[in-house]
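Descriptive analysis of the structure
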Amino acid sequence: MPLAKRIIPCLDVRNGRVVKGVQFVDIRDAGDPVEVARRYDQEGADEITFLDITASSDDRDTIVHVVEKVAEEVFIPLTVGGGIRKVDDVRRMLIAGADKVAINTAAVFNPELVKEASERVGSQCIVVAIDAKKVSGEGEPSRWEIFTHGGRKPTGLDAIEWARKMADYGAGEILLTSMDRDGTKTGFDLELTRAICAAVSIPVIASGGVGNLEHLAEGVLEGKADAVLAASIFHFAEYSVHEAKEFMASKGIEVRL
Amino acid sequence: MSTIAVVDYGMGNLRSVAKALEHVAQNQQVIVTSSAEEIHNADRVVFPGQGAARDCMLELADRQLTDVVLNAAHEKPFLGICMGMQVLLSHSQENNGVDCMGLYPGEVRYFGDNLQDEQGEKLKIPHMGWNRVHHRSSHALWQGIDENSRFYFVHSYYMDPADKGIILATTDYGFEFVSGIGRDNVFAVQFHPEKSAQDGLQLLKNFAEWDGKQ
């Protein structure tokens, strides 16, 4: 299989700065997004994802400027998510220089947005972000539901059915985050990843729980993900993207080195 | 100062194409334009594009740019990217069939829902990510780019040109598909050089310096 599995560092951006905290608590400053993006590009990142976690919608312009600046000097695909509610928000990000836009909560409350956006700008630009949490008990067949508000609010939507629906509505890719694992550094929810990958024919990015390089490789080998996303292991230079790729290559995974 | 015109017909994000060209062609003027006159007067033309074939053709016609773009493809160094390459063929299967610009005879086809790799694993559509590009002929635009280098792709349709003599590059995804075509002053690719890091920038640099001869 010549198509490389992708490694995607993710930057959580708040008020124009990269931040990192465990499940959005205890947030630490991790630098200027342009500088961090440039470093990831030099290390061989396949794409970069920005998640805008700015609390107030008044400050949304900040992320647009961040994207504009990064797009002027980083020539790999850029994805932006966070606070996308209308097709105009999507267009604004694309015009700023994003290649893909991730829609999360808004898709749950208004699935038609995904349809409308993919018809207007093309499926290749639309990523649907799915935050899933296991709801089945011990001994029961596994079942995951979509949660919103950082994993606090259940929606009653079955994660696998939701992924299929979003693919039907024109999503070009799924960014799948396990809310059970996010921030825990204990590895992806591989069972969930495998289930979603098997359910849809569009690419799936695994996210949530990466604490070491072995986890990244597992996401591809056992989770069957097309791409793996991680934030904290790259932020504080625990590992470089290049090291991650070399490790994956040593496990027989096709990567761009 | 020579000028590179990036054709703006409302399809896709042209800013990244323009920024990448500015990055490598600092002694040239890069303009993003939907003016027929500016395209006609430019020294080089880049014809990018994203989205669906039907919208592409409609937008071109709406702006009365079809002829000026075709003329440019006959006259000066011309770089087609992604949808800007597919619509150079005569017809696309997308949107239940769309007549395209017809610079080269051939059909743009859907990858299909049952694409598999050699191990029988189902392949995802769109073909999205970094794949290898095999050079099928020597060309000034491959200068400084290794055979089998990886470029960034995102597409669900591929080109099947009638004249195999125009194939400049191929890529494996379930089968060997055509990822680059051209002849004389035309070079057109399925992948996105503006999003393909160093090798992509090298290709754009080569284009900015190209005299239009193979």
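Okay, so let's go over this structure. This is a predicted model, so every value here is computed, not measured.

1. Digging into the overall build of chain B
Along chain B, the regular secondary structure elements total six helices and 13 strands. For a compact globule of 214 residues, the expected C-alpha radius of gyration is about 17 Å, and chain B comes in at 16 Å, within 12% of that figure. In chain B, the proportion of contacts linking residues at least 24 apart, taken out of those at least 6 apart, comes to 69%. Within the structure as shown, chain B displays about 8,400 Å² of accessible surface, and the carbon and sulfur contribution to it stands at 40%. Charge separation in chain B, taken as the distance between the mean sites of 17 positive and 28 negative side-chain charges, equals 3 Å.

2. Topic: the packing of aromatic side chains
All names here are of chain B. Counted by the stated rule, this structure contains 15 aromatic pairs over all chains. When the centroid spacing of 6.0 Å and the interplanar angle of 50 degrees are considered together, the rings of Phe47 and Phe78 count as tilted. Taken together, the residues span a long stretch of sequence, with Phe47 in strand β3 (residues 44-47) and Phe78 in strand β4 (residues 78-81) at a distance of 31 residues. With respect to burial, Phe47 and Phe78 carry one shared label: buried. Taking the centre distance of 5.4 Å and the plane angle of 85 degrees together, the rings of Phe111 and Phe177 count as edge-to-face.

3. Considerations on the pairing of strand β10 (residues 157-161) of chain B
All names here are of chain B. The buried fraction of β10 amounts to four of the five residues, a majority that puts the element mostly inside the structure. Here strand β7 (residues 104-110) runs beside β10; their pairing, made up of five bridges, is antiparallel. In the strand pairing of β10, Arg109 is matched with Tyr158.

4. Considering unusual backbone geometry
Residue and element names in this part refer to chain B. Residues Ile125 and Pro126 are joined by a peptide bond in cis, for which omega reads 0 degrees. Position of Pro126 relative to the elements: it lies in the loop between β7 and β8 (127-135). In this structure, Gln64 is a non-glycine residue whose phi angle is positive, near 55 degrees. As for its position among the elements, Gln64 is in the loop between α3 (53-62) and α4 (66-75). Exposure remark for Gln64: the relative accessible area of 68% places this residue in the exposed category.

Conventions we followed
Residues numbered from 1 in each chain as written. Chains lettered and ligands numbered in written order. Predicted model: local features only at pLDDT ≥ 70, side-chain atom pairs only at ≥ 80, totals over all residues. Heavy atoms only, no water. Helix = DSSP H or I, 4+ residues; strand = E, 2+ residues; numbered from the N terminus. Rg over C-alpha atoms; globule rule 2.2 N^0.38 Å. Contact = heavy atoms within 4.5 Å. Areas by Shrake-Rupley, 256 points an atom, 1.4 Å probe, with all protein chains shown as cover. Lys, Arg positive; Asp, Glu negative; His and termini not counted. Charge placed at Lys NZ, Arg CZ, Asp CG, Glu CD. Phe/Tyr/Trp six-rings, centres within 6.5 Å; stacked < 30°, edge-to-face > 60°. Buried < 20%, exposed > 50% of the residue type's maximum accessible area, 1.4 Å probe, protein only. Pairing = 2+ DSSP bridges.

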